[in-house]
Amino acid sequence: MREKYISQWEKQFNEQMKVRLEKRDKMKAAESHPYKHGVKPTATAAELIAKYSEMAKEDIGETPVYELVGRAMLVRDFGKAAFIQVDDGKDRFQFYVKKNVTSEGGFADYKLCDYGDMIWAKGTVFKTNKGELSLEAQDFKVVSKSIRPLPEKFHGLTDQELKYRMRYVDMIMSRESREKLKTRSRIVRYIREFFYQDDWLEVETPMMHSVAGGAAAKPFLTHHNALDMELFMRIAPELHLKRLVVGGYDKVFEMNRCFRNEGLSLKHNPEFTSVEFYAAWQTYEDLMDFTEKLMHGLAKDVIGSAKITWGENEIDFASPFRRLPMRDAVVEYTSLSREDLESKEKMIALLKGKSDLEIDPKKLDGLSVHKLMVLCFEEFVEGKLIQPTFITEYPTEVSPLSRRNDENPDYVDRFELFINGWEIANGFNELNDPTDQLGRFADQAVLKDGGDDEACDPDYDYVRALEYGMAPTAGEGIGIDRLVMILTNSQTIRDVILFPLLKKETFFKAKESE
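About the thresholds
- Residues numbered from 1 in each chain as written.
- Predicted model: local features only at pLDDT ≥ 70, side-chain atom pairs only at ≥ 80, totals over all residues.
- Heavy atoms only, no water.
- Helix = DSSP H or I, 4+ residues; strand = E, 2+ residues; numbered from the N terminus.
- Buried < 20%, exposed > 50% of the residue type's maximum accessible area, 1.4 Å probe, protein only.
- Pairing = 2+ DSSP bridges.
- Contact = heavy atoms within 4.5 Å.
- Axes fitted to C-alpha atoms, helices over the stretch in contact; angles between N-to-C directions.
- Parallel < 35°, antiparallel > 145°, perpendicular 65-115°, else oblique.
- Left-handed = near helix turned anticlockwise from the far one by under 90°.
- Nonpolar A, V, L, I, M, F, W, Y, C, P; charged D, E, K, R; others polar.

Peer 1: Would you take a moment to explain unusual backbone geometry for this structure?
Peer 2: Residues apart from glycine generally show negative phi values, whereas peptide bonds are mostly found in trans. Positive phi outside glycine occurs at E31, with the angle close to 60°. Counting through the fold element by element, E31 comes out in the loop between helix 2 (15-29) and helix 3 (45-52). At N489, a residue that is not glycine, the phi angle is positive and equals roughly 55°. Relative to the elements of secondary structure, N489 occurs in the segment after helix 16 (480-487). Exposure remark for N489: the relative accessible area of 32% places this residue in the partly exposed category.

Right, dumping it as structure tokens:
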């Protein structure tokens, strides 16, 4: 039975792959293991470049013996000698193998080497007559035989679908992709250190929930067999983090993975990363200050400049971020007046005049004044907020977890940060009145009963936690993927995620029915 699964895969091998398999068999016959282990470098390409690149050929002299490893990216064969360009994952170097200089076994291994193989060489450093820094191989090994040829050397993966599906090949061929993903790692590390230095506690909360809550989103559903219970993949860690504030942790954060059963786009992936954080005895104004300082540092310390370019836009992280109430933003960027924001008819008329409205126009009449204002903001304002801007004063109706404003309970103490026309962060003063929270949950439950698949069920345990008393708290979430897109000038979210979600690949054609 097992042969069926092996043979259906190997039937797809082309002639190039069959030739490489023959070379692998020759290595085995020569007792040179095609997949060696225990091979380690004693130096990197970067170290040798730093030490010898500025030296003249005649000044290098006799160097110590070094051992280097990497992937063969270019082979220039001259029969009894060859130059091999090697990529060690960070930099490139050149190996020089030569009959009667390289060991007999090493030269035999070289003769079975292909573009893409992982290789090792031991030797001394010299410069060629053309000034190319090289390692003259006293010994050489093919460490891992590549069966599948890499794409054409100078263009790499040009098919975008394959680029994301076979990320490993994209990273081999594209230094730009490799560096971009390394930058993501540096951004995440900087954010963590920023919190550590301000005495925040990093925590880990559950990724499977019995009640989907903490955000307005459709969850992924799963099932736990042993407990025979329905579970939801986390749409947000918010309610668990605030339970910790109730328990006495005054400043907590989590670098978390969330899952939302929604569509894919240039800015959306169903599985995404965010950092959420909650601080007792602070307000949403404090978090705006904190966030602005974080963004300044990320641009300056990680990217190297407080002003960055995304597409045709220059985004300034150095200047103070603008703070603008949503009502004022709608008035500034549309033809509506402040009085018009109390008129459903005028807002509906403006929305119906937009040709690419994201909501069915027939549903507009059923929306409240506040929801229509938010929709006007999303349709006409959001995409114009290129420079970092905090939008404040959101309606209570669209903010089920935020604390009402003391002076105007129809609005909450909340902000969202927009950069490049995208929502990057969402923060607010947390609702800590258990009675109010229970009522908000009830409102959400009614919406869910009415068919809103993004509304949530009441989380009665969270209400119970609030009944023990939660200190005045402010909380926020920052979307890491979109932030990395902006900081790395990436046009799609897939460029900054190692393995973005794609349709399942079909490896074998289904047999035609007889």
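Peer 1: Quick question: what am I supposed to make of the sheet that holds strand 15 (residues 389-395) here?
Peer 2: The strands making up a sheet associate through hydrogen bonds between their backbones, and the pairing can be parallel or antiparallel. Across the sheet, eight strands lie side by side as 6-10-11-18-17-16-15-14; this open sheet has mixed pairing. The open sheet has two edge strands with one neighbour each: strand 6 (201-202) and strand 14 (322-325). Here strand 15 runs beside strand 16 (residues 411-419); their pairing, made up of six bridges, is antiparallel. When the bridges of strand 16 are listed, Y394 appears paired with V412. Across the sheet, helix 9 (residues 238-246) touches strand 10 (251-259), strand 11 (271-280), strand 17 (422-429) and strand 18 (473-479), and the angle it forms with strand 11 is around 25°.

Peer 1: What is the right way to look at the packing of helix 8 (residues 175-197) against helix 10 (residues 284-303) in this model?
Peer 2: Each pair of packed helices can be summarised by the angle the axes make with each other and by the distance between the axes. Relative to each other, helix 8 and helix 10 sit at 135°, their axes nearing to 10 Å. Compared by their axis directions, helix 8 and helix 10 come out oblique. Here helix 8 and helix 10 pass one another in a crossing that is right-handed. The segment helix 8 lies against helix 10, with T183, R186, I187, Y190, I191, F194 and F195 engaging F290, K293, L294, G297, L298, D301, V302 and I303. Among the residues making up the contact of helix 8 with helix 10, the classes are represented as ten nonpolar, two polar and three charged.

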